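Here's the letter readout for the chains.
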Amino acid sequence: NDLWEWDPTTEVWTQKADFPGAARYQAVGFSIEGKGYIGMGTTTGSDVLNDFYQYDPLTNAWIARANFGGGGRRILVGFSIDNKGYAGSGTSNAVAYTNDF
């Protein structure tokens, strides 16, 4: 659940505030106005998650945000345009992939 910041100028890694959600992989992330967003994915126990979090580098703090409305997902695609985040496709289980966004 740790978060690290890379500074390409000094080539130094600095540890930041730990991610507050469950440890996960196959999550989605994007940034809006200098803040990072990450959520969904799956745990090592194969639970598919729908939670979502915002990271503010100015305060080095995480804030829980509204859960993803499409239910638990993993292997999603995410991006931002005009200060809005988008997430979609992916799968809620090992078989059925979605085509919604």
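Quick word on the sheet that holds strand S5 (residues 52–56)
Picture the strands of a sheet paired through backbone hydrogen bonds; they go either parallel or antiparallel.
Thought 1: Judged by pairing direction, the sheet is antiparallel, and its 4 strands sit side by side in the order S3-S4-S5-S6 without closing on themselves. Of all the strands in the sheet, just strand S3 (28–32) and strand S6 (61–65) have a single pairing partner and so form its edges. The average angle at which neighbouring strand axes cross in this sheet is 25 degrees, direction not considered.
Thought 2: Sheet analysis places S5 next to S6, joined by 5 bridges and oriented antiparallel. The residue bridging Asp56 from the neighbouring strand is Ala61, located in S6.

As for the pattern of salt bridges
A side chain with one charge may pair with a side chain of the opposite charge, provided their charged atoms come close.
Thought 1: Scanning the entire structure with this criterion turns up 4 salt bridges.
Thought 2: Taking the shortest distance from any N to any O, the salt bridge between Lys16 and Glu5 comes out at 3.7 Å. Of this pair, Lys16 sits in strand S2 (residues 12–16) while Glu5 sits in strand S1 (residues 3–7), and the two are 11 residues apart along the sequence.
Thought 3: For Lys16, a relative accessible area of 21% puts it in the partly exposed group.
Thought 4: A salt bridge links Arg24 to Asp51, with the nearest nitrogen and oxygen atoms 2.7 Å apart. Here the residue Arg24 occupies a position in the loop between S2 and S3, and Asp51 occupies one in the loop between strand S4 (35–39) and S5, the gap between them amounting to 27 residues.
Thought 5: Look at Arg24 and you get buried, because its relative accessible area is 17%.
Thought 6: Classification of Asp51 by relative accessible area gives buried; the value is 14%.

Analysis parameters
- Residues numbered from 1 in each chain as written.
- Predicted model: local features only at pLDDT ≥ 70, side-chain atom pairs only at ≥ 80, totals over all residues.
- Heavy atoms only, no water.
- Pairing = 2+ DSSP bridges.
- Helix = DSSP H or I, 4+ residues; strand = E, 2+ residues; numbered from the N terminus.
- Axes fitted to C-alpha atoms, helices over the stretch in contact; angles between N-to-C directions.
- Salt bridge = Lys/Arg side-chain N within 4 Å of Asp/Glu carboxyl O.
- Buried < 20%, exposed > 50% of the residue type's maximum accessible area, 1.4 Å probe, protein only.

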